[in-house]
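What follows is the residue order along each chain.
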Amino acid sequence: MAEPPEIRIGTAEREDAMKRLSDHFAAGRLSVAEFDERSGVVAAALTRGDLERVFTDLPEPVAEKSVPAQRESRFGAHWRDRVMPVVPIIALILFFVTHQWWMFLLIPLAGAVLYGGGNPGQRRDRRDRRRQRRLDRGSED
């Protein structure tokens with residue numbers, strides 16, 4: 001059951017309405033003057049009915065195509081950023097334990113191992129973009 005339009009609104013509802021209004025403006029459905037006028041109404045709105053009147057002639061927002069979320073590891077997406085600061089400490093401990101200066105070479109080695117491989121998805125995206133450009137050039141001929 002829909003809530004009555006006389007229900008009072010708060011700042012969060014006004015901000016959401018301004019975002020929706022900005023999206024309609026960015027899509028070209030509103031002129032600058034219409035956007036300014038409707039923004040003033042949204043800023044002064046006290047009830048849901050006040051907000052509904054602003055959007056009566058605008059289409060409902062379309063749900064964007066959802067992209068399946070990538071599975072994150074238990075340590076989060078940026079685990080490399082958490083591991084790398086620990087590597088110099090480990091190298092220092094190993095230096096004092098083994099008395100071997102080359103333990104400090106573990107620091108750049110760890111950086112190369114952690115960050116050197118890059119993101120395989122980026123390479124695939126780049127390859128797909130190149131392939132698409134070639135196809136686009138071929139269709140222009």
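Above this text is the structure in question.
Treat the numbers as computed from the prediction; the structure is a model and nothing was measured.

About the criteria used
Residues numbered from 1 in each chain as written. Predicted model: local features only at pLDDT ≥ 70, side-chain atom pairs only at ≥ 80, totals over all residues. Heavy atoms only, no water. Salt bridge = Lys/Arg side-chain N within 4 Å of Asp/Glu carboxyl O. Helix = DSSP H or I, 4+ residues; strand = E, 2+ residues; numbered from the N terminus. Buried < 20%, exposed > 50% of the residue type's maximum accessible area, 1.4 Å probe, protein only. Patch = residues over 30% accessible without salt bridge, like charges linked within 9 Å, V, L, I, M, F, W, Y side chains within 5 Å. Areas by Shrake-Rupley, 256 points an atom, 1.4 Å probe, with all protein chains shown as cover. Arc of directions from axis to C-beta. Contact = heavy atoms within 4.5 Å.

### Description of the pattern of salt bridges
Under the criterion given, the structure shown has four salt bridges. Close ionic contact of Asp-50 with Arg-53 constitutes a salt bridge, the shortest N to O distance being 2.4 Å. Placement of the pair is Asp-50 and Arg-53 together in helix α3 (residues 48–54), with a separation of three residues, close to one helical turn. Looking at Arg-53, the relative accessible area reads 56%, which means it is exposed.

### Details of a nonpolar patch on the surface
Where nonpolar side chains cluster on the molecular surface, the patch consists of Val-86, Ile-90 and Leu-94 and spans about 210 Å² of accessible area. Inspection of the secondary structure puts Val-86 in the loop between α4 (79–83) and α5 (87–98). On the basis of relative accessibility, which here comes to 38%, the residue Val-86 falls in the partly exposed class.

### Notes on helix α6 (residues 106–115)
Along an α-helix, residues three or four positions apart point the same way, because every turn accommodates 3.6 residues. Restricting attention to buried positions, one finds in α6 the residues Ala-110, Gly-111 and Leu-114. Angular distribution of buried residues about the axis of α6 spans 100°; they occupy a single face of the element. Facing away from the buried side of α6 by over 90 degrees, the exposed positions are Pro-108 and Val-113. Against α4 and α5 lie the buried residues of α6.

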